[in-house]
Structures are given as C-alpha cells and as structure tokens.
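# Inside the fold
If you want the building blocks of each chain, they are given just below.
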Amino acid sequence: MSVSIKSEHEIELMREAGHLLEKVHDDLATYIRPGISTKELDRIGEEMIRSLGCIPNFLNYQGFPGSFCISLNDEVVHGIPSEKKIIQEGDLVKIDAGLIYKGYHSDAARTYAVGEVAPEAKQLMDVTKQCFFEGLKYAKAGNHLNDISKAIGAYAAKYRYGIVRDLVGHGIGTHLHEDPQIPNFPQKRRGIKLMPGMTLAVEPMINLGRADVAWEDDDWTVVTMDGSLSAHYENTILITDGEPEILTLTK
C-alpha cells in the first residue's frame, strides 16, 4: 500500500478543489424538488462544475455515464442519472459528486430529504451524517486508520442499522481513488498510521435495515437487498499536525 503525502502546494490545490465542490453541492441542493428528474439535476450540476473551470471526475470514470451519482431511497450509491427517475415528495436523495481542479480531485456526498419524510428516514440521515463526525474525531496524526472505522461502526451500531460492508471510503489526490481503503466498520488490524498531509474521503453508507446490498442490471446502481432506505454522507478531509481539516465543508 502506498499512501501519498501531499506537499503544501498540493494541499492548497486540494483545498480549492474541496471548496469548489462544496459550492456545487450547496447550489445544486436548491434545485432538488418534487417533479425534477435526476438527469436534469445531473445536467445542472455538470454545468456548475464546468463554469468553475473544473472537470466532473465521475463522468466516464470506468464507464460511468453521469457527472453525479444520484441515488433515491433504497439505492445506496452510484445511481445513474435518468430522465425516468423523477424525484417525489418524501424521497431521500443521495448526491455524490466530485471534481478535478488543476489535476487534483475532491469527493463529497450528501443525503437530502424532499419535503416531509418519515421520522425513521430523518433519523437515518442524521445518524449517517454523525457517523462521519464520530470517525473524524479520530482522524489525527498518530492514530491508526481503524480508529476511524471503529468509531463510525460503533455509532451506527447503537441504532442497529446496517453498515454497508461492500463499499468503503478511500484516499484521494491526483486520482479519485487512491490508497488506503477506509471501511466504515472495525477491522482486525489497526491499519496504517495516520500522518499529516494524507487526504482521505471518509463516507459512511448506512442502511435502515440489513447491511446486504446488490448491484442492479445496469452494473452501477447499488441497492439494499431488503428494500430498506439508505443514507450516505461523505467529505474529503486532510490529516494535519492537529485537528483534521474538512476540505469539502468549510462553513
């Protein structure tokens, strides 16, 4: 395993990539409403990314046909934007996005509630987001990668949620996916020691029901096996000499 340590110059580029992606997420969120298709959201989002002088890093990545992964309700991740998928009142909408700024990648995901959603859906969203922040507490130099994984998994386990095991977080930099892999559940080994200059995409994916997932026939869309709701929350972070820095969440 080779985990890249970013220079000060590279960190500045990663910061800007993260800041720009945060802006895209915030702006695109204002378009999420009943009646809009996921394809239209994808089109709007891609225009936003390109207007900032950046490139959508998901587009054509290993053949993915959209600039954004937009997943609804029991879709966990990697939902392909489609004119046939129309957002409805009460939906959970997961938007996973990334961009390239001067050769450096950022990656972040959010889950949005459309209008009034069921209380269990709202709690799932809140817990999934908090799972990220529980893991962030341990994203410090000198700790080990499994400290992050254990904290995420322990928090989700309190609610007896299904913690997706088939998909994990990852390192990020000049490539969208770099070493190391970052599970959202405890491992037998401690994993690598965290060092300043590491940039990681930490992304809890939590199901209301069982952890089991399946891939649909499009070979991309991941769904819960039991049809239960799923939530996703992700940020690109930087390991520093002190507290971790969230590059895609500056507010």
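Residues numbered from 1 in each chain as written. Predicted model: local features only at pLDDT ≥ 70, side-chain atom pairs only at ≥ 80, totals over all residues. Heavy atoms only, no water.

With that settled, consider the overall build of the protein. Within the protein, the regular secondary structure consists of four helices and 15 strands. Relative to the globule expectation of 18 Å for 251 residues, the C-alpha radius of gyration of the protein, 17 Å, shows essentially globular dimensions. For the protein, the spread of C-alpha atoms along the principal axes amounts to about 45 × 45 × 35 Å. The buried share of the protein, taken over its 251 residues, is 55%. In the protein, the share of contacts with a sequence separation of at least 24, taken over all contacts with a separation of at least 6, comes to 69%. If you sum the accessible surface of the protein, you get close to 11100 Å²; carbon and sulfur atoms cover 49% of it. (Helix = DSSP H or I, 4+ residues; strand = E, 2+ residues; numbered from the N terminus. Rg over C-alpha atoms; globule rule 2.2 N^0.38 Å. Buried < 20%, exposed > 50% of the residue type's maximum accessible area, 1.4 Å probe, protein only. Contact = heavy atoms within 4.5 Å. Areas by Shrake-Rupley, 256 points an atom, 1.4 Å probe, with all protein chains shown as cover.)

Summarising the element assignment, Glu-234 is placed in the loop between β13 (230-232) and β14 (235-238). The charged side chain of Glu-234 is buried without a salt bridge, its nearest counter-charge being Arg-110 at 7.2 Å. Setting aside chain neighbours within four positions, we find Glu-234 in contact with Asp-96, Asp-107, Ala-108, Ala-109, Arg-110, His-170, Ala-201, Val-202 and Glu-203. (Lys, Arg positive; Asp, Glu negative; His and termini not counted. Salt bridge = Lys/Arg side-chain N within 4 Å of Asp/Glu carboxyl O.)

It is worth spelling out the environment of Asp-107 at this point. Here Asp-107 is to be found in strand β5 (residues 104-113). Linking Asp-107 and Val-202, residues 95 residues apart in sequence, is a C-alpha distance of 9.3 Å. Among the polar contacts made by the side chain of Asp-107, one reaches the side chain of His-170 at a distance of 3.1 Å. (Polar contact = N/O pair within 3.5 Å; in protein donor to acceptor, adjacent residues only side chain to side chain.)

Working note: a packed helix pair is described by the angle between its axes plus the distance between those axes. Interhelical geometry of helix α3 (residues 119-136) versus helix α4 (residues 145-157) gives an angle of 150° and a closest axis separation of 8 Å. As judged from the angle between their axes, α3 and α4 are roughly antiparallel. Where α3 crosses over α4, the two elements pack in a sense that is right-handed. Here α3 contributes Val-127, Gln-130, Cys-131, Glu-134 and Gly-135 to the contact with α4, which in turn contributes Ile-148, Ala-151, Ile-152, Tyr-155 and Ala-156. Here the residues of the contact of α3 with α4 sort into seven nonpolar, two polar and one charged. (Axes fitted to C-alpha atoms, helices over the stretch in contact; angles between N-to-C directions. Parallel < 35°, antiparallel > 145°, perpendicular 65-115°, else oblique. Left-handed = near helix turned anticlockwise from the far one by under 90°. Nonpolar A, V, L, I, M, F, W, Y, C, P; charged D, E, K, R; others polar.)

All right, on to the sheet that holds strand β15 (residues 245-246) then. The antiparallel open sheet is built from five strands, whose spatial order is β8-β7-β9-β14-β15. Of all strands in the sheet, those with a lone pairing partner are β8 (178-182) and β15, marking the two edges. (Pairing = 2+ DSSP bridges.)

So, on to the pattern of salt bridges. On inspection of all chains with the given rule, the structure shows 14 salt bridges. Salt-bridge contacts for Asp-26 lead to Lys-251; the nearest nitrogen and oxygen are separated by 3.0 Å. Of this pair, Asp-26 sits in helix α1 (residues 8-29) while Lys-251 is found in the segment after β15, placing the two residues 225 residues apart along the sequence. On the basis of relative accessibility, which here comes to 34%, the residue Asp-26 falls in the partly exposed class. Residue Lys-251 is classed as exposed on the basis of its relative accessible area, which comes to 74%. Residue Arg-210 is joined to Asp-212 by a salt bridge in which the shortest nitrogen-to-oxygen separation is 2.9 Å. Judged by relative accessible area, which is 44%, Arg-210 ranks as partly exposed. We classify Asp-212 as partly exposed; its relative accessible area is 38%. Each of the salt bridges in this network shares a partner with another, and the network as a whole consists of Glu-12, Arg-15 and Glu-245.

The next subject is α4. Taking 1.5 Å per residue as the helical rise, α4 with its 13 residues ought to reach 18 Å, and the 19 Å between its terminal C-alpha atoms agrees with that figure. Within the span of α4, buried status applies to Leu-145, Asn-146, Ile-148, Ser-149, Ala-151, Ile-152, Gly-153, Tyr-155 and Ala-156. For α4, the elements touching its buried residues are α3, β6 (162-163), β8, β9 (199-202) and β10 (205-207). (Expected span 1.5 Å × (residues − 1).)

With that settled, the discussion passes to the nonpolar core. Core analysis: the largest hydrophobic core is formed by 37 residues, its most contacted members being Ile-32, Leu-41, Phe-68, Ile-87, Val-93, Ile-95 and Leu-99. Taken together, the elements giving at least two residues each to this core come down to α1, α2 (38-51), β2 (68-72), β4 (92-101) and β5. It is α1 that contributes the most residues to this core, eight residues altogether. (Core = buried A, V, L, I, M, F, W, Y, C linked by side-chain atoms within 4.5 Å.)

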